[in-house]
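# Fold and contact review
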Amino acid sequence: MSVTRKQWRNPLRDDRDKRLPRIAGPCGLVIFGVTGDLSRRKLMPAIYDLANRGLLPPGFALTGFARRDWNGEDFSKVVHDAVREHARTPFRQDVWDRLAEGLRFVQGSFDDDEAFDRLAETVRELDEVRGTGGNHAFYLSVPPKAFPLVCRQLARSGLSTATTGTDQWRRVVIEKPFGHDLHSAQDLNRIVNEVFPEESVFRIDHYLGKETVQNILALRFANQLFEPLWNAHYVDHVQITMAEDIGLGGRAGYYDGIGAARDVIQNHLLQLLALTAMEEPVSFHPKALRTEKVKVLAATRPMAPFTETTARGQYTGGWQGGQKVPGLLDEGGFASDSVTETYAAMTMEVNTRRWAGVPFYLRSGKRLGRRVTEIAVVFKRAPHLPFDATATEELGENALVIRVQPDEGVTMRFGSKVPGTAMQIRDVTMDFGYGHAFTEDSPEAYERLLLDVLLGEPSLFPMNEEVELSWRILDPVLASWHAEGVPEPYAAGTWGPPSADRMLARTGRHWRRP
Ligand code: BG6
């Protein structure tokens, strides 16, 4: 019997009605490293915001695990204060009271078997009294060197495995850094995958939780306007910028020896590149989406020679926002001869038919002119301009800029006639701003991502293969930086080291000054 078009169902199609709010089923979340900054500033507030939006199940339970000598009340106060200080949505006593009933704290260190047994007991108790149904996610907000031990403890205490023969689930959430090079990332993935199968591993790259990042897919694949131009015939180059004005005071423990490339290019910027450059997935089924990202990452390489195609810098003291700020070497905790880069720029090539010959310039830095993340697709000049040369003196290249943050939106830049009797053409911009176009506020990235963990929606979480491919891309650059030279100084409040400007000038291009 032949299969008619109507009968055939694409296995990668997702038939659920996506307009309905997605509410997590019965479950609990355990956070390791609950005393850390991320937990206080992002995770706890996001959980409250989800509860406030009615997206958590009524019996939701949040358990903190840490060495701190706290009791349940202390923990509750910490969560309460974090929520009051950092939640996005207004504080409502009834929502808080309901959430507070599901809070638990287990005191212990990661090498303490008894503490994990107590945790297992707490989780069992929650299943009974809160109806969490045997469904639990474990959030490892801890340094990666602790991952193996925590995973082993979760396995030993039986916490990592759901009851067989049921549809109960156990998931693990891990935060970057996912290793410091390809080799260590492979080791880490192996250790985590020994305890949790890949479909139960949720690696957080919080950029993927940002609305504007997800909008890259909407912009590209819901419209007819852009996709025909999205290729080497029309695009001259792409610039992906993640600029921050903050310095690294207080973060030496994590950042010294890590640097900008490992901190954000390996993950956030290469994910932005993947979403910008990938082919259209056959559906938005997680598998289909990740397949395309993996393909494009596998085709991406840093362009050589690195002395010309990359740049790195380290900020020195300077002025920012009217304030005098110290250089990296004067920030507490950094070695006085630290060669950690606080600025990194590199050129990528994507070896596919679509992108052959189009450089993707990635850059990120601390203490730059201002905080802005954007993807600028810069187009080639029109092949012929039927105007006097003077008419087009002020005409730049057409560009489509996806403004990831702040001031989220999209800008299109093109030439337009200046009013008057002469034909004079100048660049103008057309803007879409989230703030003007929509009344709802965007949820915080962590709200979206935590909800997706509880729902078991893996689309926005990089798989082991993506992480390893990203290291494969970055490793040659890191090795060459390690072998020679030191980062070039740049003054705080500027746009990075002169070598970054030379890097583009060599090809006749220049960085955008957002
Ligand atoms: C983190 C980096 O992943 O992202 C930090 O480790 C950086 O160094 C931060 O400051 C920036 O996040 P956002 O959401 O403020 O752009």
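Residues numbered from 1 in each chain as written. Predicted model: local features only at pLDDT ≥ 70, side-chain atom pairs only at ≥ 80, totals over all residues. Heavy atoms only, no water.

## With respect to the site of the ligand
Surrounding the ligand, one finds 13 residues, the nearest of these being Tyr-207, Lys-210, Glu-244, Asp-263 and Gln-405. Residue Glu-244 places a side-chain N or O atom 2.5 Å away from an oxygen atom belonging to the ligand. At 2.6 Å from an oxygen atom of the ligand is found a side-chain nitrogen or oxygen belonging to Asp-263. In the complex, the protein chains occlude 82% of the 390 Å² of accessible area that the ligand would expose alone. When residues of the shell around the ligand are assigned to their parent elements, the largest contribution, three residues, is made by helix α9 (residues 259-277). Considered class by class, the residues forming the shell around the ligand number three nonpolar, three polar and seven charged. (Near = heavy atom within 4 Å. Polar contact = N/O pair within 3.5 Å; in protein donor to acceptor, adjacent residues only side chain to side chain. Areas by Shrake-Rupley, 256 points an atom, 1.4 Å probe, with all protein chains shown as cover. Helix = DSSP H or I, 4+ residues; strand = E, 2+ residues; numbered from the N terminus. Nonpolar A, V, L, I, M, F, W, Y, C, P; charged D, E, K, R; others polar.)

## Focus: the state of the cysteines
Per the stated rule, a full pass over the model turns up zero disulfides. In this structure Cys-151 is not part of a disulfide, and its nearest cysteine sulfur, from Cys-27, lies 20 Å away. The class for Cys-151 is buried, based on a relative accessible area of 1%. (Disulfide = S-S within 2.5 Å. Buried < 20%, exposed > 50% of the residue type's maximum accessible area, 1.4 Å probe, protein only.)

## With respect to the sheet that holds strand β2 (residues 61-66)
Strand order in the open sheet formed by six strands is β3-β2-β1-β4-β5-β6, with parallel pairing between adjacent strands. Strand pairing shows two members of the sheet lacking a second neighbour, β3 (103-107) and β6 (201-204), which therefore form its edges. Across this sheet, the average inter-strand angle for adjacent strands is 20 degrees, counted without regard to direction. By the bridge criterion, five bridges tie strand β1 (residues 28-32) to β2 in an arrangement that is parallel. Each bridged residue has a counterpart across the sheet, and for Phe-32 the counterpart in β2 is Phe-65. (Pairing = 2+ DSSP bridges. Axes fitted to C-alpha atoms, helices over the stretch in contact; angles between N-to-C directions.)

## Focus on the UniProt feature "binding site: NADP(+)" (unreviewed entry) in the chain
UniProt marks Arg-67 and Lys-176 with the feature "binding site: NADP(+)" (unreviewed entry), using the numbering shown here. Along the chain, Arg-67 falls in the loop between β2 and α2 (72-86). The class of Arg-67 is exposed, set by a relative accessible area of 65%. Among all residues touching Arg-67, those that are not within four sequence positions of it are Gln-107, Gly-108 and Ser-109. (UniProt positions renumbered as here; feature names shortened; annotations may be inferred. Contact = heavy atoms within 4.5 Å.)

## A short note on the pattern of salt bridges
This structure, assessed with the given rule, holds 30 salt bridges. Across the pair Arg-190 and Glu-194 runs a salt bridge, and its minimum N-O distance is 3.7 Å. Within this pair, Arg-190 and its partner Glu-194 are both found in helix α6 (residues 182-195), separated by four residues, close to a single helical turn. The exposed category is assigned to Glu-194, whose relative accessible area is 59%. Of the charged contacts, one joins Glu-279 and Arg-354 as a salt bridge, the two residues approaching to 2.8 Å between their closest N and O atoms. Separated by 75 residues along the polypeptide, Glu-279 in the loop between α9 and α10 (286-298) and Arg-354 in the loop between β12 (343-350) and β13 (359-365) bring together distant segments of the chain. For Glu-279, a relative accessible area of 33% gives the class partly exposed. For Arg-354, a relative accessible area of 17% puts it in the buried group. The network of salt bridges with common partners includes Arg-220, Glu-227, Glu-279 and Arg-354. (Salt bridge = Lys/Arg side-chain N within 4 Å of Asp/Glu carboxyl O.)

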